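One-letter residues, chain by chain:
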Amino acid sequence: MTEGHDSRLFATEKGKGMVAYRLYATSVLVSTFLIWWYRATHVPSIGEKGRWLWIGISLAEIYIGLYWIVSQFLRLNPIYRHAFPERLSQRYSDKQLPGVDVFVCTADPTSEPPSMVISTVLSVMAYNYPSEKLNVYLSDDAGSVLTFYALWEASKFAKVWVPFCRKHTIEPRSPAAYFSNIHSVPDTCSTKEWYYVKELYENMVIRINTVVKKGKVPEEVLANNNGFSKWNEEMTPKDHPSIVQILVDGKGYDAVEKDGVALPTLVYVAREKRPGQHHNFKAGAMNSLIRVSSVISNSPIILNVDCDMYSNNSECIRETLCLLLDEEQGQNIAFVQYPQDFENNNCYDIYGNSLTVNMALDFPGVDGWGGTPYIGTGCFHRREVLCGRPYSKDYRENWAKGVVRISDETILDMEERAKSLATCTCELNTEWGNGIGLKYGYPVEDVVTGLQIQCRGWKSAYCYPKRAAFLGLAPTTLEQCLVQYKRWGEGNLQIFLSKYNAFLVGHRKLRFGHIMCYYLYGLWATTCFPTWYYVVIPSLCFLQGISLFPKVSHINCF
Ligand SMILES: *[C@@H]1O[C@H](CO)[C@@H](O)[C@H](O)[C@H]1NC(C)=O
């Protein structure tokens, strides 16, 4: 890599130690062939004990061997990307940077406590990015007044928190994470100020938790704030009209600007739910957000994060833009995926939750073939591509795009317009959920969506920085892990068996190795059968005195 005349916004490096790895992989491959050969040439003859068991274990070994071969497509060509955010700031002034809409999705105030949700919201509001270009949307699929109350509290606290973070370059910018891990006051900050912010935050969390526990917002808050009047007794999580409320208007209509503190726009969205109308889970929520945001900010870039994944790096937007804005290498990148990192892993990690193999090895490997899958969180998309634009070589994104406000339109008018885009009926007879937005009808809708985008000719990029960009919560009990793994295994298998099988949709569009990467995940669930056979049958045979393996003394097997 030569510095100096180098004007690239990001660099791509190949994985290290590939020669050694290839030698190792070749030796495993040769050994696998030898085992197959041994199995094929030593089948017990008809009538002999254990003939069928032998054939069974041979099939298991063939399957495991083939699956291993498929997995090698992810290992042969890993690439790692490094962004140069300093060059971005040299080339683009803050005014020229594109707008970014951040979508945070939550679905249930019981399993996803509102105090955690707002910490995530606050962490993305505090990104080191021009406030007028940043818009944060919280999608509350439970339509819960408790979540709205928490967000309303957060919108007030943000007026202190966001300037505080920027002034003292606080990291991480989730107040929950910051105050629970860091006990020292930064040099630039007076002790008084620091404790003031800490206390403000802690009192807010106490208020929110009390309200959540009671299940009711205090009367005086209800009486003094119009925002709460949209809820009434009859509304349930499964039956309510659409609600869109702009809590902070970062475009300057709000009082915030007058205090000299610009904040990002903050919007609460609960799409309409009616019994008997299918809501399509998170994909439905995301698609509603795409439409709602199109009348409020319409930023060309969309970041989506789960409500339990806070931003751990306030420079993340700028680093991502390096990948998307690079004139030479970035034009064909549709989305930039970040790994799922977790803050609650201990060093034993007995359930393999940290996904290290997937995140550190597999995904850079898929990136080498031209496209990491979209995994539903920690991902930056181009809005246009998510809405169905096919790749064309000559297309140049208009980064300055955004909503031009109609001059006499009030915030209320805008909310009304947005509300009509979050109803149950607005998707009827449209391509939403099919060619536009996230795909409906699959449990891992994100993966199908990413695959569709890649089949339209786009590439995607994977960013694996040393310092985690987003930190989430991993499941902690065996039960939660099994539910999670089952959903992934089942979901990917369902895609494999559907018309979105990577080969059916991707041949002639994706490279063969890339298809194999999708197959690795698609077939993951099916490896349970040979694994199960391998674990159970040989031990049972042992009790019966049947041996399925050569004896140690039996050196000359061939
Ligand atoms: C999260 O960010 C902090 C800096 O604020 C860093 O020290 C830490 O290593 C990061 N966490 C991970 C898991 O990378």
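Residues numbered from 1 in each chain as written. Predicted model: local features only at pLDDT ≥ 70, side-chain atom pairs only at ≥ 80, totals over all residues. Heavy atoms only, no water.

Engineer: It is not clear to me how the domain arrangement of the chain should be interpreted in this structure. Could you clarify?
Structural biologist: Many authors give the size of an interface as the accessible area that is lost as the parts come together. As far as domains go, the chain holds domain 1 (10-76 + 525-543) and domain 2 (92-326 + 375-459). Placing a centre on the C-alpha atoms of domain 1 and another on those of domain 2 gives a separation of 47 Å. (Domains from an automatic or database assignment.)

Engineer: How should the site of the ligand be read in this particular structure?
Structural biologist: Taken together, Glu-171, Pro-172, Asn-312, Arg-467, Ala-468 and Leu-471 make up all the residues around the ligand. Asn-312 places a polar side-chain atom, nitrogen or oxygen, 2.4 Å from an oxygen atom of the ligand. Arg-467 is positioned such that a nitrogen or oxygen atom in its side chain is 3.4 Å from an oxygen atom of the ligand. Isolated, the ligand exposes 360 Å² of accessible area, and the fraction of that covered by the protein chains is 54%. (Near = heavy atom within 4 Å. Polar contact = N/O pair within 3.5 Å; in protein donor to acceptor, adjacent residues only side chain to side chain. Areas by Shrake-Rupley, 256 points an atom, 1.4 Å probe, with all protein chains shown as cover.)

Engineer: Sorry, what's going on with the UniProt feature "binding site: UDP-alpha-D-glucose" (unreviewed entry) in the chain here?
Structural biologist: Under the UniProt annotation, the feature "binding site: UDP-alpha-D-glucose" (unreviewed entry) is placed at Glu-112 and Asp-141. Considering the C-alpha atoms alone, the annotated residues occupy 30 residues of sequence yet fold into one spot, their largest mutual distance being 11.5 Å. Positionally, Glu-112 belongs in the loop between strand 3 (100-106) and helix 4 (114-125). Excluding anything up to four places from it in sequence, Glu-112 contacts Thr-106, Ala-107, Val-117 and Cys-307. In terms of polar contacts, Glu-112 uses its side chain to reach the side chain of Thr-106, at 2.7 Å. Here Asp-141 lies in the loop between strand 4 (134-140) and helix 5 (145-168). The exposure class of Asp-141 is buried, given its relative accessible area of 10%. Setting aside residues up to four positions removed in sequence, Asp-141 forms contacts with Thr-106, Ala-107, Pro-237, Arg-271, Lys-273, Phe-281 and Ala-285. (UniProt positions renumbered as here; feature names shortened; annotations may be inferred. Helix = DSSP H or I, 4+ residues; strand = E, 2+ residues; numbered from the N terminus. Contact = heavy atoms within 4.5 Å. Buried < 20%, exposed > 50% of the residue type's maximum accessible area, 1.4 Å probe, protein only.)

Engineer: Whenever I open this one, the sheet that holds strand 5 (residues 243-248) confuses me. Can you help?
Structural biologist: Through backbone hydrogen bonds, the strands of a sheet pair up, either in parallel or in antiparallel fashion. One open sheet accounts for 8 strands, arranged 5-6-4-3-7-11-9-12; its pairing is mixed. Each having just a single partner strand, strand 5 and strand 12 (459-462) make up the two edges of the open sheet. Between one strand axis and the next, the sheet turns through 20 degrees on average, direction left out of account. Sheet topology places strand 9 (residues 333-337) next to strand 11 (residues 379-382); 3 bridges connect them, and they run antiparallel. Residue pairing for strand 11: Gln-337 is matched across the bridge by Cys-379. Of the strands in this sheet, strand 9, strand 11 and strand 12 are in contact with helix 14 (residues 445-455), which crosses strand 9 at around 150 degrees. (Pairing = 2+ DSSP bridges. Axes fitted to C-alpha atoms, helices over the stretch in contact; angles between N-to-C directions.)

Engineer: How should the pattern of salt bridges be read in this particular structure?
Structural biologist: When the charged atoms of two side chains lie near each other, side chains of opposite charge can form a pair. As enumerated under the stated definition, the model contains 23 salt bridges in all. Linking Glu-153 and Arg-207 is a salt bridge whose minimum nitrogen-to-oxygen distance equals 2.8 Å. Within this pair, whereas Glu-153 is found in helix 5, its partner Arg-207 is found in helix 7 (residues 191-214), the two being separated by 54 residues in sequence. Here Lys-282 makes a salt bridge to Asp-306, at a shortest N to O gap of 2.9 Å. Note that Lys-282 is positioned in helix 9 (residues 281-296) and Asp-306 in strand 7 (residues 301-306), a separation of 24 residues in sequence. A residue is classified by how much of its surface remains accessible, and Lys-282, at 24% relative accessible area, is partly exposed. Members of the salt-bridge network, linked through shared partners, are Asp-6, Arg-8 and Arg-87. (Salt bridge = Lys/Arg side-chain N within 4 Å of Asp/Glu carboxyl O.)

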